[in-house]
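So you can see what is in the structure, the chains are spelled out below.
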Amino acid sequence: MSSHSNGEKVEQLGRQLLIEQLIAGKASGDEEFGVEREDCNLEEEDVDSDCNTEPSDMIKESSSSIRNNFNVDEVEPRWSPSSSGYAGERGSTSGGDEINEDEGGRSEIHEVAKDDAYRPHEQWLSGKRGGDEDDASISWRKRKKHFFILSYSGKPVYSRYGDEHKLAGFSATLQAIISFVENKGDRVKLVRAGRHQIVFLVKGPLHLVCISCTGEKFEALKGQLELLYSQMIVILTKSVNRCFEKNPKFDMTSLLGGTDAVFSSLIHSFSWNPATFLHAYSCIRIPIAVRQAASAILLDVASSGILFALLICKDKVITLVGAQKASLHPDDILLLANFIMSSESFRTSESFSPICLPKYNPMAFLYAYVHYFDIDTYLILLTTRSDDFYHLKDSRMQIENVLLKSNVLSEVQKSLVDGGLHIEDLPSQVRPSHSVDSVGSTAKGFVGIGGPAGLWHFMYKSIYLEQYVSSEFSPPINSLKQQKRLFRAYQNLYITMHDRESGPHKTQFRRDDSYVLLCWVTQDFELYAAFDPLADKALAIKVCNRICQWVKDVENEVFLQGASPFSW
């Protein structure tokens, strides 16, 4: 649909039906409608400095582009990690996307005091916020990031904020835009209105929408909608489509009763959990002997009809095993852990519940036996049989006895206190065989705030293992606001590194007022590192070589070896 008349119709529809409702008449005239060889060492000459690899503002797909008549710049300005809103990783209930007003009527972001314990999921046990709001509420309009799920008949299924019933008219407006474009033979993917992006994702009879002014890229928001849809499949399976085939006006809200906390927790994790865009899972750092002891007992019970067995501490894997030729995707681990941690019923007693793993089989239920050993550590046993409760209960008792006798659970709690990798523990020198240049002391070069050469933080992803490890936050990235900004910076960098139109890229080096960001992608790993804004490029590259060697030295502690392709 590329004719001028159709473009004007979509423009008019978007303005009159949606934009005015969303931002209360504040939309400016810049709306857009869119449909949417590896070395072992990193050297300075290999790094692209400040390369302009940003994708254009317009999401293009074949001839499905609809443009209005305004003169707009098609290329985004260079992104800045400090341009996004704030949401805390630990202790934040808002995820940076909520507002509060003080007595003077001024809007401000609500920041929750930082808690010593790392329990992001606990803040979401009470479910959604702003449940009494509707699209006429000033507070609802000031929310920075909305998520909606609706059926193709326009019935609201889920809204991050507000009462779904009160938002029925707004949901119908969203559905009208989707239907208008589909009737012309196209599919709407993105609408821009001032600072707002409205991202659409159509999944059969279900339509998902994200409305955001956080500055995140289209690709990031679309990926979040994909995970939100997958989380629904975890609860219902894809077979829910048959209900809509029989009755197009089917109301599925009753099937999702009590799951607001699950969706809210997942949406919150979009602001702090790298697994949501890296598509990898993280493991708790423990001695290899402890992990081997836990793996041994799980392997014993996995041979007795269990499909998958996972031992997890919060959102970090201790160990997992699977049946022969069975494959478990990192996204399934993320969604399964989120479902369990955000459901209070799993914590109070042992549970046996039907559950779907979208990447494994989106059409069928598995059955999950879940038991918490303590406040943080829990066991998941997955089977295909609905009558295996007592068998799995007996298996759990065997596992628990071995874990207690071998002190695995106490070692896990000790590891929680000690934390993972700390940048101040980065070894001062790497082996000459790893780097082209022998890296000596940086005392004569730039010494910034933080670790060596001004290192502030890093993330390392093993591509083969589909696992990642990141350093603990430390000064100067010690506030929730700074941590959120850095997360968004990593997310944007990940997207540009993997952009299909202008990439993929091997390296990028970026400097702005907030950070120096260096990314290095090989066939074996991906490394994302943040430095002091005044960090020297040559020293930063040397430090990245040291990080890679350090991770290699401690890989048995931070990674679950032999866990890919999950076949035993």
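Residues numbered from 1 in each chain as written. Predicted model: local features only at pLDDT ≥ 70, side-chain atom pairs only at ≥ 80, totals over all residues. Heavy atoms only, no water.

## A look at the overall build of the protein chain
A count of helical and extended segments in the protein chain gives 15 helices and 19 strands. Buried residues in the protein chain amount to 57% of all 568 residues. Accessible area for the protein chain stands at about 23,000 Å²; split by element, carbon and sulfur atoms hold 48% of it. (Helix = DSSP H or I, 4+ residues; strand = E, 2+ residues; numbered from the N terminus. Buried < 20%, exposed > 50% of the residue type's maximum accessible area, 1.4 Å probe, protein only. Areas by Shrake-Rupley, 256 points an atom, 1.4 Å probe, with all protein chains shown as cover.)

## Observations concerning unusual backbone geometry
In terms of backbone geometry, most residues other than glycine have negative phi values and most peptide bonds are trans. Of note, the bond from Pro475 into Pro476 is cis; its omega dihedral lies within 30 degrees of zero at 5°. With respect to the helices and strands, Pro476 occurs in the loop between strand S16 (467-470) and helix H13 (480-497). A positive phi angle, close to 55°, is found at Lys314, a residue other than glycine. Relative to the assigned elements, Lys314 resides in the loop between strand S10 (308-313) and strand S11 (316-322). One non-glycine residue, Asn407, lies in positive phi territory at about 60°.

## Some remarks on the pattern of salt bridges
Side chains that carry opposite charge are capable of pairing whenever their charged atoms lie near each other. Taken as a whole, this structure holds 11 salt bridges when the rule is applied. Where Arg285 meets Glu557, a salt bridge forms, and the shortest distance between an N and an O atom there is 2.9 Å. On the criterion of sequence distance, the pair formed by Arg285 in the loop between helix H7 (275-278) and helix H8 (288-302) and Glu557 in helix H15 (residues 555-558) is long-range, its members being 272 residues apart. We classify Arg285 as partly exposed; its relative accessible area is 24%. One salt bridge in this structure joins Arg396 and Glu400, with 2.8 Å as the shortest N-O distance. Placement of the pair is Arg396 and Glu400 together in helix H11 (residues 389-405), with a separation of four residues, close to one helical turn. The pair formed by Arg396 and Glu400 is uniform in burial state, with each residue classed as buried. Taken together, the salt bridges that share partners define one network made up of Glu350, Lys393, Arg396 and Glu400. (Salt bridge = Lys/Arg side-chain N within 4 Å of Asp/Glu carboxyl O.)

## With respect to the packing of helix H4 (residues 218-236) against helix H9 (residues 330-341)
Contact geometry of H4 with H9 gives a least axis separation of 10 Å together with a crossing angle of 65°. Considering the relative orientation of H4 and H9, their crossing is right-handed. Between H4 and H9, the contacting residues are Leu227, Ser230, Gln231, Val234 and Ile235 on the first element and Asp331, Leu334, Leu335, Asn338 and Phe339 on the second. Taken together, the residues of the contact of H4 with H9 sort by class into six nonpolar, three polar and one charged. (Axes fitted to C-alpha atoms, helices over the stretch in contact; angles between N-to-C directions. Left-handed = near helix turned anticlockwise from the far one by under 90°. Contact = heavy atoms within 4.5 Å. Nonpolar A, V, L, I, M, F, W, Y, C, P; charged D, E, K, R; others polar.)

## Structural notes on the sheet that holds strand S17 (residues 507-511)
Spatial strand order, S16-S15-S19-S18-S17: five strands in an open sheet with antiparallel pairing. Two strands bound the open sheet, and with one partner strand each, they are S16 and S17. Here the strands of the sheet are splayed against their neighbours by 10° on average, with no regard to which way each runs. In this structure, strand S15 (residues 455-462) lies alongside S16, joined through four bridges in antiparallel fashion. When the bridges of S16 are listed, Lys461 appears paired with Tyr468. Against the sheet, helix H14 (residues 537-553) engages S15, S16, S17, strand S18 (516-521) and strand S19 (525-531), with an angle of about 130° to S19. (Pairing = 2+ DSSP bridges.)

## Some points on the nonpolar core
A general trend in soluble globular proteins is that nonpolar side chains are found buried together. Formed by 82 residues in total, the largest nonpolar core has its most connected members in Met232, Met252, Leu310, Ile380 and Leu382. Ranked by the residues each element gives to this core, the list is headed by H4, at 11 residues. Sequence-distant contacts of Met232, defined by excluding residues within four places in its chain, comprise Ile149, Val157, Leu206, Thr237, Met252, Leu256 and Phe263. Of all hydrophobic cores here, the second largest spans 31 residues; its members include Ala453, Phe509, Ala529 and Val551. (Core = buried A, V, L, I, M, F, W, Y, C linked by side-chain atoms within 4.5 Å.)

## Observations concerning the confidence of the model for the protein chain
The pLDDT averaged across the protein chain works out to 77; a share of 73% of its residues lies at or above 70. Long-range and interchain partners of residues 430-444, a stretch whose pLDDT sits below 50, account for 27 contacts in this model, where long-range means more than four residues apart. (pLDDT = per-residue confidence, 0-100.)

## Quick word on the sheet that holds S10
If you trace the five strands from one edge of the open sheet to the other, you get S11-S10-S14-S13-S12, paired in antiparallel fashion. Where the open sheet ends on each side, the last strands, each with one partner, are S11 and strand S12 (351-355). Ignoring strand direction, the axes of neighbouring strands in this sheet form an average angle of 20°. In the sheet, S12 pairs with strand S13 (residues 366-372) via five bridges, with the strands oriented antiparallel. Within the sheet, the bridge partner assigned to Ser351 lies in S13 and is Val370. This element, H8, spans S10, S11 and strand S14 (377-383) of the sheet and lies at about 35° to S11.

## Observations concerning the packing of aromatic side chains
Here the structure, examined in full by the defined rule, presents 23 aromatic pairs. A centroid spacing of 6.1 Å and a plane angle of 75° characterise the contact between Tyr152 and Phe244, whose relative ring orientation is edge-to-face. Note that Tyr152 is positioned in the loop between strand S5 (145-151) and strand S6 (156-159) and Phe244 in helix H5 (residues 240-246), a separation of 92 residues in sequence. Here Tyr490 and Tyr528 contribute two aromatic rings whose centre-to-centre distance is 6.4 Å and whose plane-to-plane angle is 70°, an arrangement assigned as edge-to-face. Within this pair, whereas Tyr490 is found in helix H13, its partner Tyr528 is found in strand S19, the two being separated by 38 residues in sequence. Cluster of aromatic residues (ring-pair linked, three or more members): Phe277, Phe487, Tyr490, Tyr494 and Tyr528. In this structure, Arg143 packs its charged tip against the face of Tyr161, placed 4.5 Å from the ring centre. (Phe/Tyr/Trp six-rings, centres within 6.5 Å; stacked < 30°, edge-to-face > 60°. Lys NZ or Arg CZ within 6 Å of the ring centre and 35° of its normal.)

## Overview of the packing of helix H6 (residues 260-269) against H9
In the contact formed by H6 and H9, the axes pass within 9 Å of each other and the chain directions differ by 130°. One element, H6, and the other, H9, form an angle in the oblique class. In this structure, H6 meets H9 at a crossing whose hand is right-handed. Listed contacts from H9 to Val262, Ser265 and Leu266 of H6 are Leu335, Asn338 and Phe339. (Parallel < 35°, antiparallel > 145°, perpendicular 65-115°, else oblique.)

## Notes on helix H3 (residues 168-183)
Under the 1.5 Å per step criterion, the end-to-end length of H3 is 22 Å for 16 residues, consistent within 8% with the ideal 22 Å. Listed as buried for H3 are Phe170, Ser171, Thr173, Leu174, Gln175, Ile177, Ile178 and Val181. Two residues or fewer past H3, Gly185 is found with a positive phi of approximately 90°. (Expected span 1.5 Å × (residues − 1).)

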